[in-house]
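Coordinates in review
Chain by chain, the residues run as shown.
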Amino acid sequence: MSAAQALSLVMLVLVLVAAIWRRMNIGVLALGAALPVLALSGLDAKTMYTTFPGDIFALIVGVSLLFAHLERSGALGWFVELVYGAVGDRHAVLPWAGFVLGAALSTVGAFSTAVIAFLVPLVAHVTARYRNSFYLCELAVVIGANNAGLSPLNPTGAVVRAAAAKFGATYPGWGLWAVSVVVTVLVVLCLQLLHAYRRSRGHGFDLTPAPAVEPESTAVQRPTPIYAGAAGAALATFALLVVIVKTDVGVTAIALAAILQIAFHPQERSLLARIPWPSILLLCGLLTYLGLMQKIGTIDAIAGVLHHLGTGALLILVLAYLTALLCNIESSTLGVLGLMTPIVFSTFTTPAQMFWVLCAVCVPAALMVMNPIHVAGTLIIGHSAVDEQERLFRRLLGLAASLALVVPGLLSVIPIALA
């Protein structure tokens, strides 16, 4: 390993430490760390900029704008109320209504964090009278939304796909999404059964939602039915064009969002505010730095070292558990997957084994979303009664730790058997 390669690796470790210690944006730190690496390697900065993930930038901006139109037009709120109205008082079905809503929106491309930020307060409002279902309903929403983000149409899925493209690897994108959905269905079902068992023994964990406050996303001027219908039609058109015609996800979403903006002219500033700029900076900065590491050969050098360790059980378990650990201490699933998936694609070459290692790395990572240091966990706590928040914090932390211990090991069984 050359001096420049070693420096790039050291700087990456320092970036992760600083991001966790100081709660700073990894993208800012990563771009700053590129300066000494460029100086030592002699690489032109223009070469590094060719690795900037423009397609992912357009994807996040586009789907965020399209989702903002759905929100502002009232189409999304109407749909949520319709679903929960259909469920009614059937307590056993309530968590699955939120799960399906969150998973469906993330699957068609909505940024998972935006879905969670929209649905958590709505679910708290809708389920206010179901004290024994509130906890499960919120968990089902955030787990479904985050894990369905591994869809090829979603920014999280796009990060994995971009990492694969850099190494000339291919994997079934919808297959990864399907495994993630199946695992999350089993997780939510286990949580529901455990909750029912504990209640039957008199140890149920019930929460009271905080007093209802109208979500900021719905506190806008009353939309017209025409705008809501057009936004819903735009979402359906987006899915058809991307899945069937195979148009670019980001450009398609931006084009449809622009048409809605021209036709109905909602306040542009409020729409642009729905774009997750910190996440974009984090992701684009980190991926650009990882692209620099690839240009100077650091990723290949790491892959060479890992090849000496083989592709057996130890390496698979290390990758799976390390990713879950990082997702528990770093709040960005996108950032952690952007860091770990290149190692998977550069190390494992057998298609079947590579796919299942990818599942063992990505699926548990997305499950850590309820950790109270994450946006989702914080939102759940913030929408529960004040006197119950400390107990809920410990509960969510314990749940995230338990899933981090169990799920990576279970999902690693298949690639270990294929090794």
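Described below are features of the structure shown in this document. Bear in mind that the values here come from a model prediction, so they are computed numbers and not experimental data.

1. Quick look at the overall build of the protein chain
- If you tally the helices and strands in the protein chain, you get 20 helices and zero strands.
- Here the C-alpha atoms of the protein chain give a radius of gyration of 22 Å, agreeing with the 22 Å that 2.2 N^0.38 yields for 419 residues.
- Based on the C-alpha atoms only, the size of the protein chain along its principal axes is roughly 65 × 55 × 40 Å.
- Looking at the 419 residues of the protein chain, the share that counts as buried comes to 54%.
- Long-range contacts, defined here as pairs at least 24 residues apart, represent 80% of the contacts in the protein chain between residues at least 6 apart.

2. Comments concerning the packing of aromatic side chains
- Applying the stated rule across the entire model yields seven aromatic pairs.
- Between Phe-67 and Phe-118, the ring centres sit 6.2 Å apart and the planes meet at 85°, which makes this aromatic pair edge-to-face. Placement of Phe-67 in helix α4 (residues 54-73) and of Phe-118 in helix α7 (residues 112-126) is noted, with a sequence separation of 51 residues between them. We note that Phe-67, like Phe-118, is buried.
- The ring of Trp-21 carries Arg-22 above its face, with NZ or CZ at 4.2 Å from the centroid.

3. Remarks on the pattern of salt bridges
- For the structure on display, the rule yields two salt bridges.
- One salt bridge in this structure joins Arg-274 and Glu-71, with 3.1 Å as the shortest N-O distance. With Arg-274 in the loop between α13 (268-272) and α14 (277-295) and Glu-71 in helix α4, this pair connects stretches of sequence that are 203 residues apart.
- In this structure Glu-71 comes out as buried when scored by relative accessible area, which is 6%.
- Of the charged contacts, one joins Glu-390 and Arg-394 as a salt bridge, the two residues approaching to 3.4 Å between their closest N and O atoms. Within this pair, Glu-390 and its partner Arg-394 are both found in helix α20 (residues 389-418), separated by four residues, close to a single helical turn.
- We classify Glu-390 as exposed; its relative accessible area is 61%.

4. Description of the nonpolar core
- Ranked by size, the top nonpolar core spans 136 residues in total, and within it Tyr-84, Leu-176, Tyr-289 and Phe-345 carry the most contacts.
- Among the elements that take part in this core, helix α18 (residues 351-367) stands out by supplying 11 residues, more than any other.

5. Considering helix α9 (residues 155-166)
- The end-to-end C-alpha distance of α9, which contains 12 residues, comes to 17 Å, matching closely the 16 Å that a straight helix rising 1.5 Å per residue would cover.
- Within α9, nine of the 12 residues are buried, leaving the element largely enclosed by the surrounding structure.
- Within α9, burial applies to Pro-155, Thr-156, Gly-157, Ala-158, Val-159, Val-160, Ala-162, Ala-163 and Ala-164.
- The backbone nitrogen of Thr-156 has a side-chain oxygen 3.0 Å away, supplied by the residue at the start of α9, namely Asn-154.

6. Description of unusual backbone geometry
- Positive phi is not limited to glycine here, since Lys-246 has a value of about 70°.
- Its place among the elements puts Lys-246 in the loop between α11 (225-245) and α12 (249-264).

7. Some remarks on the environment of Phe-67
- Under the relative-accessibility criterion, Phe-67 is labelled buried at 4%.
- Taking C-alpha positions, Phe-67 is 6.1 Å from Ala-110, a pair spaced 43 residues apart along the chain.
- Among all residues touching Phe-67, those that are not within four sequence positions of it are Leu-76, Leu-105, Ala-110, Ala-114, Val-115 and Phe-118.

8. A short note on the packing of helix α10 (residues 173-200) against α20
- It is the contact of α10 with α20, at a shortest axis distance of 13 Å, that shows an interaxial angle of 130°. The orientation of α10 relative to α20 falls into the category oblique. For the crossing formed where α10 meets α20, the hand is right-handed. Residues Val-183, Val-187, Leu-191 and Arg-198 of α10 pack against Arg-395, Leu-399, Leu-403, Val-407 and Leu-411 of α20.

9. Some words on a nonpolar patch on the surface
- A grouping of Trp-174, Leu-240, Val-243, Ile-244 and Val-245 is seen on the molecular surface, where their side chains present a nonpolar patch of about 490 Å² in accessible area.
- For the nonpolar patch, the leading source of residues is α11, giving four residues.
- If you trace the backbone, Val-245 turns up in helix α11.

10. Re helix α1 (residues 3-22)
- The first and last C-alpha atoms of α1 sit 28 Å apart over 20 residues, in line with the 28 Å expected at 1.5 Å per residue.
- Three or more residues of α1 are buried, namely Ala-4, Gln-5, Ser-8, Met-11, Leu-12, Val-15, Ala-18 and Ala-19. Projection of α1 onto a plane perpendicular to its axis shows the buried side chains occupying an angular sector of 145°, all on one side. Facing away from the buried surface of α1 by more than 90 degrees, the exposed residues are Ala-3 and Trp-21.
- Among the residues trailing α1, Arg-23 stands out with phi positive, at a value near 55°.

11. Quick word on the environment of Pro-372
- Structurally, Pro-372 is set in the loop between α18 and α19 (375-382).
- Residue classification places Pro-372 among the buried positions, given a relative accessible area of 6%.
- In this structure the C-alpha to C-alpha distance between Pro-372 and Leu-283, which are 89 residues apart in sequence, comes to 22 Å.
- Contact partners of Pro-372, with chain neighbours within four places excluded, come to Gly-377, Thr-378, Ile-381, Phe-393, Leu-396 and Leu-397.

12. Considering the packing of α1 against α14
- For the pair α1 and α14, the least separation of the axes is 10 Å and the interaxial angle reads 160°. Considering the angle they form, α1 stands roughly antiparallel to α14. Where α1 crosses over α14, the two elements pack in a sense that is left-handed. Of the residues in α14, those touching α1 at Ser-8, Leu-9, Met-11 and Leu-12 are Leu-286, Tyr-289, Leu-290 and Met-293.

Rules used in this analysis
- Residues numbered from 1 in each chain as written.
- Predicted model: local features only at pLDDT ≥ 70, side-chain atom pairs only at ≥ 80, totals over all residues.
- Heavy atoms only, no water.
- Helix = DSSP H or I, 4+ residues; strand = E, 2+ residues; numbered from the N terminus.
- Rg over C-alpha atoms; globule rule 2.2 N^0.38 Å.
- Buried < 20%, exposed > 50% of the residue type's maximum accessible area, 1.4 Å probe, protein only.
- Contact = heavy atoms within 4.5 Å.
- Phe/Tyr/Trp six-rings, centres within 6.5 Å; stacked < 30°, edge-to-face > 60°.
- Lys NZ or Arg CZ within 6 Å of the ring centre and 35° of its normal.
- Salt bridge = Lys/Arg side-chain N within 4 Å of Asp/Glu carboxyl O.
- Core = buried A, V, L, I, M, F, W, Y, C linked by side-chain atoms within 4.5 Å.
- Expected span 1.5 Å × (residues − 1).
- Polar contact = N/O pair within 3.5 Å; in protein donor to acceptor, adjacent residues only side chain to side chain.
- Axes fitted to C-alpha atoms, helices over the stretch in contact; angles between N-to-C directions.
- Parallel < 35°, antiparallel > 145°, perpendicular 65-115°, else oblique.
- Left-handed = near helix turned anticlockwise from the far one by under 90°.
- Patch = residues over 30% accessible without salt bridge, like charges linked within 9 Å, V, L, I, M, F, W, Y side chains within 5 Å.
- Areas by Shrake-Rupley, 256 points an atom, 1.4 Å probe, with all protein chains shown as cover.
- Arc of directions from axis to C-beta.

Keep in mind these values describe shape, not function.
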